[in-house]
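Next come the chains, spelled out residue by residue.
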Amino acid sequence: MKSSLSLHIPSLEELWYRQKIMQDPSTMSYNRGYDLDFAGYDKETGCIAFPKQTWADWYDYFIEREPLRFYAYVVREEDHTFIGEVNLHKTPDASWYEMGIVLEAKYHGQGYATEALRLLLTHAFENLKADAVHNCFEENRSAAVRTHLSAGFTEYRRHDGIVEFLITREEYFRQRTAGSQVPAAQPADVSKNRR
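Quick caveat: nothing in here was measured; it's all calculated off a predicted structure.

## Examining the environment of Thr168
- Here Thr168 is to be found in strand E7 (residues 162-168).
- In this structure the C-alpha to C-alpha distance between Thr168 and Phe153, which are 15 residues apart in sequence, comes to 8.4 Å.
- Contact partners of Thr168, with chain neighbours within four places excluded, come to Phe125, Asp131 and Ala132.

Structural data, given as structure tokens:
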């Protein structure tokens, strides 16, 4: 089955989309109310400022920094629309990559999150040769819990209202061999500045 999504490494000029989602209270509501140490973070809305004058430095830090870091937009193939973002970064004090996924609020509940997460895992294990991928978030975020389980993660541990998920390289390839729904994405699935 052909994926309805792909990953796209944005150009510097395409960072307007990241700015858009970081400033959307509906999309960023999962961040609301926490004491986060991010420049430009608004505790009331969960939004994070991403002004244009910071784009070049951000871009230099995140883009083309594999295998330490990977960042891409999630693109809906049927109309080449950006619908969110994903990222990976190597953890210096653990044997895994931390990951992140943010889908624009208007695309929630349409099955895109699991597919996007599977694409990210394909990139992590097949391109970056990751040993494992880890994520953690509040245990009351039931949709995020379901998405991670659907994508093949297992619960690693719970503590203080936080649930941690992990998938190892062996688990990923075992699921692929067993015919799970993890897509067989190839390196070409990550486009670089194709627009």
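Back to the write-up after that little detour.
## Concerning the packing of aromatic side chains
- Inspection of the entire model under this criterion finds 16 aromatic pairs.
- When the ring of Tyr71 is compared with that of Tyr73, the centres are 5.9 Å apart and the planes differ by 70°; the resulting orientation is edge-to-face.
- Owing to a relative accessible area of 3%, Tyr71 belongs among the buried residues under this scheme.
- With a relative accessible area of 0%, Tyr73 lands in the buried category.
- An aromatic cluster of three or more residues is present, and its members are Trp16, Tyr17, Phe50, Trp55, Trp58, Tyr61, Phe62, Tyr71, Tyr73 and Phe82.
- Across the ring face of Tyr61, the terminal group of Arg69 is positioned such that the distance to the ring centre comes to 3.7 Å.

## As for helix H2 (residues 55-62)
- Those residues of H2 that sit buried are Trp55, Trp58 and Tyr59. Viewed end-on, H2 has its buried residues packed into an arc of 100°, placing them on one side of the element.

## Observations regarding the pairing of E7
- The element E7 is extensively covered by neighbouring structure, given that five of its seven residues are classed as buried.
- As judged from the seven bridges shared by strand E5 (residues 132-138) and E7, these two strands associate in the antiparallel manner. Bridging across to E7, Val133 finds its partner in Ile167.
- Of the pairings in the sheet, the one linking strand E6 (residues 154-159) to E7 comprises five bridges and is antiparallel in character.

## So, the pattern of salt bridges
- For the coordinates displayed, the defined rule picks out 10 salt bridges.
- The closest approach of N and O atoms between Asp35 and Lys43, which form a salt bridge, is 2.6 Å.
- Overall, the relative accessible area of 38% leaves Lys43 in the partly exposed class.
- For Glu164, the salt bridge identified is with Arg157, shortest N-O distance 2.6 Å.
- Each member of the salt-bridge network shares a partner with another, and the members are Lys20, Glu104 and Lys106.

Rules of the game
- Residues numbered from 1 in each chain as written.
- Predicted model: local features only at pLDDT ≥ 70, side-chain atom pairs only at ≥ 80, totals over all residues.
- Heavy atoms only, no water.
- Helix = DSSP H or I, 4+ residues; strand = E, 2+ residues; numbered from the N terminus.
- Contact = heavy atoms within 4.5 Å.
- Phe/Tyr/Trp six-rings, centres within 6.5 Å; stacked < 30°, edge-to-face > 60°.
- Buried < 20%, exposed > 50% of the residue type's maximum accessible area, 1.4 Å probe, protein only.
- Lys NZ or Arg CZ within 6 Å of the ring centre and 35° of its normal.
- Arc of directions from axis to C-beta.
- Pairing = 2+ DSSP bridges.
- Salt bridge = Lys/Arg side-chain N within 4 Å of Asp/Glu carboxyl O.

Keep in mind that these numbers describe shape and distance, not what the molecule does.
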